[in-house]
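# Summary of the model geometry
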Amino acid sequence: MSLELTVECLALFATAAISLVVAHLIRSKKRISGVTELLALMIAVAGWALVAGLEATVVAFRLKLLFSTLEYVGSGATMALLLRFAVQHAGKGAWLTRNRKALLWLLPALNVALVATNGWHGLVWSGFSPASAESHLLIYEHGAGFYAILGGIYLYIAAATLLLLYTALRTSVIPRRQAIAILITIPIPWAASLLYAVSPGVINGLNIIPMAFFFVGCSLVLSITRWRVFDLAPIARDMLVERMEDAFVVIDAQQSIVDYNRAATRMLGIGLEQIGRRAELLLPFWSELVEIAGDRERACCTPLRMGDGVPRHASVQLTSVENKDGIPLGALVMVHDVTQRHQVELALRESNEALQRKLVENEQLQRELREQALRDPLTGLHNRRFLEDILPVEIRCAEEEGGSVSLVVVDIDRFKTVNDVHGHARGDAMLTALGNLIRNKLRGPQSAGRYGGDEFMVILPQAPLNEAVAWADSLRRLFEPIAAAYNGSIRAATLSAGVAAYPEHGSTGADLFHVADVALYKAKNAGRNCVCVGSPQMSLDDRSIGSDERSRGLGSG
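Structural notes, computed from the coordinates. (Residues numbered from 1 in each chain as written. Predicted model: local features only at pLDDT ≥ 70, side-chain atom pairs only at ≥ 80, totals over all residues. Heavy atoms only, no water.)

Moving on, we get to the sheet that holds strand β8 (residues 405-412). In space, the five strands of this open sheet follow the order β9-β10-β8-β11-β12, with mixed pairing throughout. Every other strand in the sheet has two partners, leaving β9 (447-452) and β12 (531-533) as the edge strands with one partner each. In this sheet, adjacent strand axes meet at a mean angle of 20 degrees when their direction is disregarded. Both strand β11 (residues 495-502) and β12 contribute to a ladder of three bridges, which runs parallel. Looking at β12, one finds that G498 is bridged to C532. (Pairing = 2+ DSSP bridges. Helix = DSSP H or I, 4+ residues; strand = E, 2+ residues; numbered from the N terminus. Axes fitted to C-alpha atoms, helices over the stretch in contact; angles between N-to-C directions.)

Right, dumping it as structure tokens:
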């Protein structure tokens, strides 16, 4: 077999070698998306370039035709595998069913069959001519079959190109760069095949299409070893970012947007046309984030009208990105839709506020109920229960402080006559007037209440006996004109009062009450409308007599 090496042959052999190197590199990258198709693709390119180099090297015409026929095996396999790789890289691998994979190989198989039977029909090669007198290279004169085969190859390349372009446009920066790294080399085989089909004489009939993949191989080597284009980690990272529910925006050191995910488009309306624009013009919360003091991370919650026009509430976090020397490179902005949480918190806050209002209302109601339980409904003064509870407390305080407590028991004279002559309404009005008078005279810790019927009790803490007597006598005098206005009879109603004090008249509330009660009825027996003071020497018999007198006097007042 006669061989003749030329520069063109060596270029084709170099293409085959580089393609095998790339295949080896790809084989070590087991996590590549579409690794099987890409590996087979580069092996097919290597085989195609190898037989093209052999066709250019051998001299015998028969061998040239054999290697030329084998070239179509390599070209068909390359185009089918390129399309399968593009499908996988675009994330459409599920589309490649077994039947569809078989259909992808149908056209390359028909091309090979058409070339192999060219001797019968001459549709692919209609004639041959030497490239030059000094060269053994052949120029193949192409027939209609060749252009049909070339159209099929262009169809496969066009489909692969569109899929890679689709991947570049629909994804964010990392897979976009991966697709672009391949796309920039795709026009080279396009141009080479077009030149070979239209002007084979310009290139002396040499099949330069496999040589075009030399540049594809170089690009892939650089992408894999330096840019790590096909590594699974960045692809997986991008899939994670793209599928995030939160908006993800990358800001460079000049505060311009350089990357984003789909959620950012949905939530913030950011698209390709916003790449490179200032963040402050597109992010409504940017100025608020910048104003927040912080080292590497800043966060805020803000109302946000998202892409659907519906008002939402969002939690926004800005994280500074620095290199290993601490030099700022930019920032990451994460936007999380917290509308549902905000609504729940708002509803919870409103519920808590309503509950607090209800508690306040209940406490107020309880206070009112306690007050009602301790107050006389007619006069508004305290009732007997309160007086019996508070008097021992005041005595204990006086005992601890070495002070005194005075007790005044007041009764309206001839009150029964007022009710009988003028009616109970007039009598109630008189009781109310007396209650108001007593209330207006109280000062500081002093307290008073209606003990029962027309009898009132006044507790005067820190008041000695003489002050209590003066207080009771002043009340008596002030009541006279009021009683006359309500009575209108010749015998006007008046007040009688009995006064007792701790410690002079006893050490318990019961002691003071009994002494003051006996003194009250002494005042009534003395002619009414006067104040009597209990006697410290009062005997138990005197108290009993006073109680009996009180019982007998209840009817007349």
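Within the secondary structure layout, L512 lies in helix α20 (residues 509-525). On the basis of relative accessibility, which here comes to 0%, the residue L512 falls in the buried class. Remark: the alpha-carbon pair of L512 and Y502, spanning ten residues in sequence, is separated by 7.1 Å. (Buried < 20%, exposed > 50% of the residue type's maximum accessible area, 1.4 Å probe, protein only.)

Taken across its six residues, strand β3 (residues 247-252) has five buried, putting it largely inside the fold. Alignment of β3 against strand β7 (residues 328-337), held across six bridges, turns out to be antiparallel. Looking at the pairing, V249 lines up with V333 of β7. Connecting the antiparallel pair β3 and strand β4 (residues 257-260) is a turn made up of four residues, with Q255 showing a positive phi of about 65 degrees.

Attention now goes to the pattern of salt bridges. Where charged atoms of side chains with opposite charge meet at close range, the side chains can pair. One pass over the full model with this rule turns up nine salt bridges. Between D376 and R450 there is a salt bridge, with its nearest N and O atoms 3.3 Å apart. In this pair, D376 is assigned in the loop between α15 (339-374) and α16 (384-401) and R450 in strand β9, connecting sequence segments 74 residues apart. Across the pair, exposure class does not vary: D376 and R450 are buried alike. In this structure, K524 engages D411 in a salt bridge whose closest nitrogen and oxygen atoms are separated by 2.6 Å. (Salt bridge = Lys/Arg side-chain N within 4 Å of Asp/Glu carboxyl O.)

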